[in-house]
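Given next are the chains, with one letter for each unit.
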Amino acid sequence: MTTEAHVINLAERTDRWEEMQKVWKDQPITLVRRDAIKINKTDIPDAYHAVFLKHREMLTTAKKLGEKHILIMEDDASPCKDFARHWTSIKEYLDAREDWELFNGGMLMIRDCVEKVVRIDHKDGKDPTMVLGVWRGAMAHFLYMRVDPCLEKMQEWEADGKPMFDGWYSHKMKTMASIPYLAFQRDGFSDAAGQSRTWEERFKYEEDTMKYALR
C-alpha cells in the first residue's frame with residue numbers, strides 16, 4: 001500500500017521534479033506535485049515564509065477533505081537505505097495512536113533533545129526502527145502530520161512573530177523523529193538559499209552519531 005506524498009516544487013524547477021520521480025520510483029510512495037508559493041520580497045520575503053504558508057494551505061485543504069494525516073515532502077528529498085521497511089513500520093505505529101502531532105523523517109540537531117525512544121524490531125532481524133520523541137530539531141523535507149492538531153497550532157504562527165517554521169514546529173508540536181533517517185536532502189542548487197548546498201554528508205554524520213548514542 002502506497003502513501004500519497006505532496007511534493008512542494010517551483011514550476012521552473014522541472015529538474016527537481018524529474019529527479020524526484022526517479023529516486024522515489026520503487027518506493028511505496030505516490031508523488032503528487034504541488035506548486036510552491038513564490039517569494040515576493042513583501043509579505044513573503046523568504047523561503048521559510050513561502051514553505052510555511054504552503055504547508056498551512058495544504059493542511060487546510062486536507063481538513064476540508066476529511067483527511068486525518070498528510071505527508072509533505074520538499075523536492076530535494078531522497079529515500080535513505082531500507083526506506084520502505086522503516087516507513088511502513090513507522091506509519092503503522094503512528095496511525096494507531098494520537099500522542100503525537102508531527103513526525104519528521106530526516107531531523108537534524110536532535111542530539112540531547114530526545115525524551116522518548118520506541119524500538120520497533122523487524123522479523124528479518126535487520127536494523128530496528130527507532131521512533132524518538134524530541135523537543136527540538138530542524139529540517140522539513142519529509143513531514144508526516146496529524147492534520148487537525150497541526151493546523152490548529154499553525155494558526156499561531158503570525159502571533160509568534162512568523163519564526164523560521166522548522167525549528168518552531170518542534171517547539172510548538174508534539175514531535176517524533178526516527179533513526180535511521182527515512183530521507184535526506186540531496187546536494188544541489190537551492191533557490192531558497194540562492195546557492196548550492198551540500199547536506200548529504202551532514203545527514204550521514206548525524207545519523208551515525210545518533211545510532212551510536214542510542215546503542
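Model, not experiment: these values are computed from the prediction. (Residues numbered from 1 in each chain as written. Predicted model: local features only at pLDDT ≥ 70, side-chain atom pairs only at ≥ 80, totals over all residues. Heavy atoms only, no water.)

**Observations concerning the packing of aromatic side chains**
Now for step 1: Inspection of the entire model under this criterion finds 15 aromatic pairs.
Now for step 2: Ring centres of Phe-52 and Trp-168 lie 6.0 Å apart, and the angle between their planes is 80°; on these two criteria the pair is classed as edge-to-face. You can see Phe-52 sitting in helix α2 (residues 47-64) and its partner Trp-168 sitting in helix α5 (residues 165-172), a full 116 residues away along the chain. Per residue, the accessibility class of Phe-52 equals that of Trp-168, and both read buried. (Phe/Tyr/Trp six-rings, centres within 6.5 Å; stacked < 30°, edge-to-face > 60°. Helix = DSSP H or I, 4+ residues; strand = E, 2+ residues; numbered from the N terminus. Buried < 20%, exposed > 50% of the residue type's maximum accessible area, 1.4 Å probe, protein only.)

**Focus: the packing of α2 against α5**
Now for step 1: Packing of α2 against α5 leaves a shortest axis separation of 10 Å and a crossing angle of 50°. Relative to α5, the element α2 is oriented oblique. Residues Tyr-48, Val-51, Phe-52 and His-55 of α2 pack against Phe-165, Asp-166, Trp-168 and Tyr-169 of α5.
Now for step 2: Its residues assigned to classes, the contact of α2 with α5 comprises 6 nonpolar, 1 polar and 1 charged. (Axes fitted to C-alpha atoms, helices over the stretch in contact; angles between N-to-C directions. Parallel < 35°, antiparallel > 145°, perpendicular 65-115°, else oblique. Contact = heavy atoms within 4.5 Å. Nonpolar A, V, L, I, M, F, W, Y, C, P; charged D, E, K, R; others polar.)

**A few points about the sheet that holds strand β1 (residues 3-9)**
Now for step 1: As summarised here, the arrangement of the 8 strands in space is β2-β1-β3-β8-β5-β9-β7-β6, forming an open sheet in which the pairing is mixed. Taken across any chain shown, the strands that pair with only one partner, and hence form the sheet edges, are β2 (29-35) and β6 (114-120). Strand-to-strand, the axes of this sheet are offset by a mean angle of 25°, without reference to chain direction.
Now for step 2: Inspection of the sheet shows β6 paired to strand β7 (residues 129-134) by 6 bridges, in the antiparallel sense. Within the sheet, the bridge partner assigned to Val-118 lies in β7 and is Val-131. (Pairing = 2+ DSSP bridges.)

**Comments concerning the pattern of salt bridges**
Now for step 1: On inspection of all chains with the given rule, the structure shows 20 salt bridges.
Now for step 2: Where Lys-38 meets Glu-12, a salt bridge forms, and the shortest distance between an N and an O atom there is 3.4 Å. Here the residue Lys-38 occupies a position in the loop between β2 and α2, and Glu-12 occupies one in the loop between β1 and α1 (14-23), the gap between them amounting to 26 residues.
Now for step 3: For Glu-12, a relative accessible area of 44% gives the class partly exposed.
Now for step 4: In this structure, Lys-211 and Glu-207 form a salt bridge, with 4.0 Å as the shortest nitrogen-oxygen distance. You can see Lys-211 and its partner Glu-207 sitting in helix α6 (residues 200-213), 4 residues apart, about one turn around the helix.
Now for step 5: Taking the relative accessible area as the measure of exposure, Lys-211 reaches 33% and is therefore partly exposed.
Now for step 6: Three or more residues are tied together by salt bridges with common partners; here these are Asp-82, Arg-85 and Asp-124. (Salt bridge = Lys/Arg side-chain N within 4 Å of Asp/Glu carboxyl O.)

**Regarding unusual backbone geometry**
Now for step 1: With an omega of 0°, the peptide bond running from Ile-179 to Pro-180 counts as cis.
Now for step 2: Counting through the fold element by element, Pro-180 comes out in the loop between β9 (175-179) and β10 (183-185).
Now for step 3: The phi dihedral of Lys-162 falls on the positive side, at around 50°, and the residue is not glycine.
Now for step 4: Position of Lys-162 relative to the elements: it lies in the loop between α4 (147-154) and α5.
Now for step 5: The exposure class assigned to Lys-162 is partly exposed, which follows from its relative accessible area of 37%.

**Section: the layout of surface pockets**
Now for step 1: Computed from the structure, the second largest pocket encloses a volume of approximately 480 Å³.
Now for step 2: Secondary structure elements with two or more residues in the lining of the second largest pocket: β1, α2, β3 (69-74) and α3 (83-95).
Now for step 3: Here the lining of the second largest pocket is composed, by residue class, of 9 nonpolar, 6 polar and 6 charged. (1 Å grid on protein atoms, 1.4 Å probe; cavity = no way out; pocket = protein on both sides within 12 Å on 5 of 7 lines; lining within 4 Å. Points joined across faces, edges and corners; volume = space filled by probe spheres on them.)

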